[in-house]
Structure formats: structure tokens, C-alpha cells
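Architecture at a glance
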Amino acid sequence: MSLDWRENAKKMAAVHATKHIADGYTVGLGSGTTAAYAIQELGKRIREKKLQIHGIPTSNQSFLLAVEYKIPTTSLNEHPRPDVTIDGADQVDEELNMIKGIGGALAREKIVAFASKMNVTVVDETKMTKNLGVNQPIPIEVLPFALSTTIKTLRELDSNPVLREAKRKLGPVITDNGNFIIDTSFGQIDKPKELNQTLKAIPGIVETGLFVGMANIVYIGGRETVKKLER
Ligand code: 5RP
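Heads up: these notes are all about the structure in this document. All values reported here derive from a predicted model rather than from experimental measurement. (Residues numbered from 1 in each chain as written. Predicted model: local features only at pLDDT ≥ 70, side-chain atom pairs only at ≥ 80, totals over all residues. Heavy atoms only, no water.)

Focus on the side chain of Lys110
So the rule is basically this: Helix and strand labels come from DSSP, where a helix needs a run of H or I of at least four residues and a strand needs a run of E of at least two; each type is numbered from the N terminus. Any pair of nitrogen or oxygen atoms within 3.5 Å is treated as a polar contact; in protein, a donor-acceptor pairing is required on top of that, and neighbouring residues in sequence qualify only through side-chain atoms on both sides.
With respect to the secondary-structure elements, Lys110 resides in helix H4 (residues 106-115). There is a polar contact of 2.8 Å between the side chain of Lys110 and the backbone oxygen of Leu210.

Here you go:
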């Protein structure tokens with residue numbers, strides 16, 4: 001069965017990104033459908049080229065994929081400075097700032113990205129935007145204890161917080177860390193760094209989906225080719 005163009009674009013971007021992985025590396029394994037292609041390709045390279053690689057999964061999803069593709073896993077506690085992390089994104093602006101977290105793995109993704117020597121983002125071209133936040137809420141991971149007060153504070157900041165509901169389970173989405181996700185829209189975000197700082201200052205917010213100044217390289221899959229942006 002042939003992939004539709006978007007799946008093909010994601011896969012092409014992911015394959016390009018795995019070229020940054022060398023023998024002996026510790027690699028942050030991102031989450032989402034695009035990162036999954038990179039994990040699959042990494043497994044293939046390990047098998048074919050007999051590479052010594054350790055993966056640090058950013059979610060239960062990427063851990064299970066690493067097991068499936070026979071990528072030995074380790075933890076950030078054992079390897080606190082991964083050589084490279086490959087991850088997807090939900091929106092990427094011209095300065096390579098991003099919104100992440102539609103897959104709900106934003107907290108561990110940001111921790112692993114912050115720790116990594118290099119961050120490679122993989123997206124299809126529909127994720128590119130001039131300004132972050134246009135038609136894209138920011139996912140925010142919050143302690144269940146702090147849900148109502150955080151929603152109240154986010155409303156006071158002129159956004160429209162919505163608790164993310166699970167699809168095949170009653171009640172809210174529970175993250176891999178046992179927390180809730182709030183999706184909240186601010187409209188066009190002109191100052192992502194400042195907004196991230198404001199949100200991070202609210203007690204109870206564990207992490208935000210605003211990734212500012214973290215991506216070093218973005219591979220953007222299109223219908224025929226892959227474009228590379230570098231910061
Ligand atoms: C998960 C993420 C994902 O990287 C993001 O949602 C992109 O996913 P996909 O590649 O499936 O579009 O941030 O928390």
C-alpha cells in the first residue's frame with residue numbers, strides 16, 4: 001500500500017534526520033507519528049551497520065517502539081547528555097521555535113531536548129508557520145491538584161483553556177507522568193519566550209508545549225523533497 005504524501009513527507013524528513021546519528025551515540029527518541037519513522041529507521045541502521053546506540057525514550061510510545069525495533073534503551077539518569085535527539089513538532093516558525101505536545105509527551109520531550117547536545121526536528125511542510133499560535137493551542141501539562149486554579153489563571157491571561165479528554169477512556173488524558181493536559185489558545189504569539197516564562201511561573205504547571213530556541217536543525221518533508229533549516 002502506498003503512503004499518502006504527508007506520511008511520505010514525514011518519513012523522508014525522519015530518514016534525513018537519522019544521518020546525524022553516529023556509532024556510539026546516545027539518542028533521544030521523540031514521540032509522535034513522525035518521530036516513529038525516525039525510530040524505525042534507527043532500528044534498521046543499527047541492524048544493518050551493527051551500530052552501538054542507546055536510545056532514551058521520551059514517552060511510553062517511543063519506549064515500546066524502541067523495543068519493537070530492537071534499539072537498546074537507557075535513561076537520562078544514566079546518560080544525562082544525549083548526543084542528539086530527533087523529535088516531531090506541531091508548529092514550527094521561521095526562527096525554529098515550536099509548539100509541541102499534541103501527543104501529550106511534551107514534558108519528557110522538553111527535558112530530553114534541553115539535555116541534548118543537538119536537537120533535530122522532523123515535520124511535514126503543513127507544520128510550518130509564520131507565527132506560532134495561529135490555529136494552534138499550546139498544550140500544557142498540569143498537576144491534577146492544580147487543575148482548577150490553573151484554568152482560572154489561564155483565563156485571566158486571556159486564553160481559553162480546555163482540559164484534554166481521553167478518546168477511549170472516560171475522563172481526562174493522563175500523561176506518562178500521571179498529570180493532566182490543558183490545551184489553551186492565545187492566538188498569534190509574538191513573544192514565545194516571554195509567554196513561556198509567564199506560564200512556567202504558574203505553580204502547578206509542570207511544562208508547556210512552547211519550545212523556544214531548542215531546535216538546531218529542522219527537516220521539512222514536502223511532496224517531493226526535504227528542506228533543511230538550521231539555527
Ligand atoms: C508529542 C509531540 C509530537 O512530536 C507532535 O505532536 C508531533 O506529532 P506528529 O509527528 O504525530 O504530528 O510533541 O508530544
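That was the structure; now back to the text.
A word on the packing of aromatic side chains
Operational definition: Each Phe, Tyr or Trp ring, with Trp reduced to its six-membered ring, pairs with another whose centre is within 6.5 Å; inter-plane angles below 30 degrees give stacked pairs, above 60 give edge-to-face pairs, and intermediate values give tilted ones. Two thresholds decide whether a charge sits over a ring: the Lys NZ or Arg CZ must be within 6 Å of the ring centre and within 35 degrees of the ring normal.
One pass over the full model with this rule turns up zero aromatic pairs. Across the ring face of Phe211, the terminal group of Lys100 is positioned such that the distance to the ring centre comes to 5.5 Å.

Examining the side chain of Thr26
In plain terms, the rule: Summary of the burial criterion: residues with accessible area below 20% of their type's maximum are buried, those above 50% are exposed, and those between are partly exposed, where the area comes from a 1.4 Å probe applied to protein chains only. Contacts are assigned to residue pairs with any non-hydrogen atoms lying within 4.5 Å of each other.
Locating Thr26 in the fold gives a position in strand S1 (residues 26-29). Look at Thr26 and you get buried, because its relative accessible area is 7%. In this view, Thr26 contacts His54, Ile56, Thr74, His79, Pro82, Asp83 and Val84; residues no more than four positions away in its chain are not counted.

Here we look at unusual backbone geometry
One non-glycine residue with positive phi stands out, namely Lys50, at about 50°. Looking at the element boundaries, Lys50 is found in the loop between helix H2 (33-49) and strand S2 (54-57). On the accessibility criterion, Lys50 (66% relative accessible area) is exposed. Even without a glycine there, the phi angle at Leu96 is positive, about 70°. Assignment of secondary structure puts Leu96 in the loop between strand S4 (91-92) and strand S5 (98-99). Given a relative accessible area of 3%, Leu96 falls into the buried group.

Geometric descriptors of this kind do not, in isolation, establish any biological role.
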